[in-house]
Structures are given as structure tokens and as C-alpha cells.
Amino acid sequence: MYIENETRTKKFKMKQKSLPILYKGEILYGIHPVYLALLEKKRQLFQLFIKVQEENCLKTEKNERLSKIDNIAKTLEIPVHYVDSKVMNYLAPGAVHQKQYKLKKFSARHRKKFSFHFILGVCLDAGALPKLEWQDIEYKINEEASSDLPLWLVLNEIVDPMNVGAIIRSAKYFGINNLFMMKGSSCKLSPTVSKASSGALEVINIYQIEKLDHFLQVKKTQGWNIVSTGAYCENECKTSKEIKDVSDLRISKPTILILGNEGKGIPFEIQRLCDIFVSIYPTQNLHPGIDSLNVSVAAGVILYSISSKIKSHSI
């Protein structure tokens, strides 16, 4: 099924090659990613595409966020194009464009009042997010380290863009401001990641790490706790250190939390640098075929648990 869907998408792309649409950067899609990208202005912003059949649809449709997007773009003097669904599907093939309405579903009285159909959606032609190297801004990071129990998140070679997006969304929700990813071995911070994060990618600070072991050694010398996550194991564990239930974790100093690759987990050479290992213990005996959580789900549970402890510590 996945291959068939992918093939249909490619065929659709080929059909749309004749459309005279030119864009400079990458295409962000979805109301939240586009709205936050315009607000944060971390990217170069080239042009905005709004999928409506007539411009006055924006006044008819009671969608404040879409109207704000339109107004912000005009304030920033970004060209705004009102396009049809063919152009939108060419820009972001296979994407689900939000807020779809067709007036033929309305009553006869409403159809008489409005003589057109419209479908809402939005795409933003924008440059890639700037790449931040943690060495270049270490002085800023050191300043933040003086705050009360900061928590940073490291994604070690997580490659699925949907997982990365969901983790970024949870991280920002639970107060994580600094997130670190492996250079060259993690997934690209693409529009898909921004969409999966519901736009949180546009807000959070993401730094690149070339050598994770060096980064962790530096932070350990500065007094940081290194916490590694792992799958719950009832009988055998790969690490010689005790694995705690995350609910039993106690936070007393600045902490770095590491999430490992979806399949391989965290490499042994990185595990050796970790001070604490945590997992999410199940509430009942596990089925033999279900022995772990998806990494993005696990991230949400662990971040909630740790951030709650940090909050109670600061009270």
C-alpha cells in the first residue's frame, strides 16, 4: 500500500510539471508551521500561497489564523498568491491541506448567498532553517546553564521525520528550549518535520553535534547529569548499570536527556558516558510481541515526568 501511494504521488508530480510555478526555497505547508515561520522570521521568506478560489473568501471564512497569516505576509511585504488546488498540490504533493470546505454541502439558502466554492490551505516558500553549531554559541549556552536546573534534549540518530517532529512538539510543550541533533546521521529538518511538529520546529533552538562523545564529556566536566533512555527489559539489559523507572528519577542538577535511534537505540560508547539510565515500566505483563514504545511516545512520557520534577524542585 505504501509503495502504491508513493507511485501515485510521483505520477501526479509528473502531470503537474507544466504548471508555471517557480519557487526559491523549500515549501512549508500547514497553518501552524507557516504561521510560526512568519512570526519567528528565522528563515528567508520568499512568497506565500493561499488556496482559495476568490480573495474575498478570507473575509467570508471565519478563520482568524489564516487571516493573520495573510496580514503578516503583507506587513512583511512578502508576495501573496491566491491559487487553486492544482497549484497547491503541485507545491506540496500528497500533503493534507487544512480547513477544506465546499459550499455545496451548505444549505440552499447559503449556496444562493455565495456563488463560489472554496478550499482553504496555505504554503510558504522559504529558505532552510539556519544551521546552529553548538561550539559557535557555547558562551550563550554557558550563560543559560546558570539558570535553575536546565534540561536539554539530544536526539541520537533518530531518522523518521514524523518521530522527530512529534518529539520536537512535545519538547517545546514541556519547556525544552535547546535540542541537539547529530550532524549527518539524523533526519533532515524538512517541511515534513515542521508539519509533524505543528510548527514547533520554527520556534525551538536546534544545534548540530558532530561528535556526541566530545559534547557529553564537555558537559560532564561542567557538572551536568547525562541521562540515557532505553527500552524496558525484564530479564536482560545491554548495560551493566541499573535502569530506573523514569518515575523514580530524581533531578538535582542540570540534565541532558538522550533519545536513541528507533532500531539500534543508543551506542555502547555513548552509554559509557551516561550517569543514569531510565525506562518506562509497563503497568502490566507485556505481550511477547509488544515490548517497547514508539520513541516519540516515550519522549513525551519521559519529558513530562522530568519536567514535572524540575518544576516541583523550583517551587
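Structure first, text after, so check above.
These lines cover the structure that appears in this document, whether it is placed above or below. Since the model is a prediction, treat every value here as computed from it, not as a measurement.

**So, the nonpolar core**
- With 33 residues, the main nonpolar core has Leu153, Leu155, Ile168, Leu179 and Ile306 as its most contacted residues.
- Taken together, the elements giving at least two residues each to this core come down to strand S6 (151–155), helix H8 (161–173), strand S7 (178–182), strand S11 (255–259), strand S12 (276–279) and helix H12 (295–314).
- Broken down by element, this core gets its largest block of residues, six residues, from H12.
- The contacts of Ile306, once residues within four sequence positions are left out, are Leu151, Val246, Leu249, Ile251 and Leu257.

**Overview of the sheet that holds strand S3 (residues 80–83)**
- Spatially, four strands are ordered S1-S4-S2-S3 in an open sheet, and the strand pairing comes out mixed. Edge positions in the sheet fall to strand S1 (26–29) and S3, since each has one partner strand and no second. For this sheet, the mean angle separating the axes of adjacent strands, direction not counted, is 25°.
- The pairing of strand S2 (residues 45–51) with strand S4 (residues 122–126) spans five bridges and is classified as antiparallel.

**Some details on the packing of aromatic side chains**
- Going through the model one piece at a time under the given rule, you end up with six aromatic pairs.
- The interplanar angle of 90° and the centroid separation of 5.2 Å between the aromatic rings of Tyr173 and Phe174 together place this pair among those described as edge-to-face.
- The exposure class of Tyr173 is exposed, given its relative accessible area of 69%.
- Between the aromatic rings of Phe180 and Phe215, the centroid separation amounts to 4.9 Å while the plane-to-plane angle is 40°, which identifies the pairing as tilted. Linking Phe180 in strand S7 with Phe215 in helix H10 (residues 212–221), this pair joins segments that are 35 residues apart in sequence.
- Joined through ring pairs, the aromatic side chains of Trp152, Phe180, Tyr207, Phe215 and Trp224 make up one cluster.
- Above the face of the Tyr35 ring, Arg65 is positioned so that its terminal group lies 4.3 Å from the ring centre.

**Some details on the sheet that holds strand S5 (residues 132–133)**
- In spatial order, the strands read S5-S8-S7-S6-S11-S9-S12-S10; together these eight strands make up an open sheet with parallel pairing. Single-partner strands in this sheet number two, and they are S5 and strand S10 (243–245).
- Across the sheet, H8 lies against S6, S7, strand S8 (205–209) and S11, angled at about 180° from S6, the strand it touches most.

**Concerning the pattern of salt bridges**
- What the rule picks out here adds up to seven salt bridges.
- Here Glu157 makes a salt bridge to Lys264, at a shortest N to O gap of 3.7 Å. Placement of Glu157 in the loop between S6 and H8 and of Lys264 in the loop between S11 and helix H11 (268–271) is noted, with a sequence separation of 107 residues between them.
- Taken together, the shared-partner salt bridges connect Glu26, Arg43 and Glu202 into one network.

**Observations regarding H10**
- By the burial criterion, the buried members of H10 are Leu212, Phe215, Leu216, Val218 and Lys219. Down the axis, H10 shows its buried residues gathered within 160° of arc, on one side only.
- Just downstream of H10, Gly223 is the residue with a positive phi angle, here 90°.

**Remarks on the pairing of S4**
- The buried fraction of S4 amounts to five of the five residues, a majority that puts the element mostly inside the structure.
- Alternating residues of S4 divide into Val122, Leu124 and Ala126 and Cys123 and Asp125, and every residue in both groups is buried.
- Where S1 and S4 come together, four bridges link them in antiparallel fashion. Paired with Leu28 across the strands is Leu124, a residue of S4.

**Considering the packing of helix H2 (residues 31–40) against helix H4 (residues 64–75)**
- Taken N-terminus to C-terminus, the directions of H2 and H4 make an angle of 35°; their axes are 10 Å apart at the nearest point. The crossing of H2 and H4 is left-handed. Listed contacts from H4 to Ile31, His32, Val34, Tyr35, Leu38 and Leu39 of H2 are Arg65, Lys68, Ile69 and Ile72.
- Of the residues belonging to the contact of H2 with H4, the class tally is seven nonpolar, one polar and two charged.

**Examining the pairing of S8**
- When you tally the buried positions in S8, you get four out of five residues, the bulk of the element.
- Sheet topology note: the S5/S8 ladder contains two bridges and is parallel. Along S8, the bridge assignment pairs Leu132 with Tyr207.
- Judged from the five bridges that link them, S7 and S8 form a sheet pairing that is parallel. Its bridge partner being in S8, Phe180 is matched across the sheet by Tyr207.
- Read from S7 through helix H9 (residues 191–196) to S8, the crossover connection turns out right-handed.

Definitions and limits used
- Residues numbered from 1 in each chain as written.
- Predicted model: local features only at pLDDT ≥ 70, side-chain atom pairs only at ≥ 80, totals over all residues.
- Heavy atoms only, no water.
- Core = buried A, V, L, I, M, F, W, Y, C linked by side-chain atoms within 4.5 Å.
- Buried < 20%, exposed > 50% of the residue type's maximum accessible area, 1.4 Å probe, protein only.
- Helix = DSSP H or I, 4+ residues; strand = E, 2+ residues; numbered from the N terminus.
- Contact = heavy atoms within 4.5 Å.
- Pairing = 2+ DSSP bridges.
- Axes fitted to C-alpha atoms, helices over the stretch in contact; angles between N-to-C directions.
- Phe/Tyr/Trp six-rings, centres within 6.5 Å; stacked < 30°, edge-to-face > 60°.
- Lys NZ or Arg CZ within 6 Å of the ring centre and 35° of its normal.
- Salt bridge = Lys/Arg side-chain N within 4 Å of Asp/Glu carboxyl O.
- Arc of directions from axis to C-beta.
- Left-handed = near helix turned anticlockwise from the far one by under 90°.
- Nonpolar A, V, L, I, M, F, W, Y, C, P; charged D, E, K, R; others polar.
- Right-handed = clockwise from strand over helix to strand, strands pointing away.

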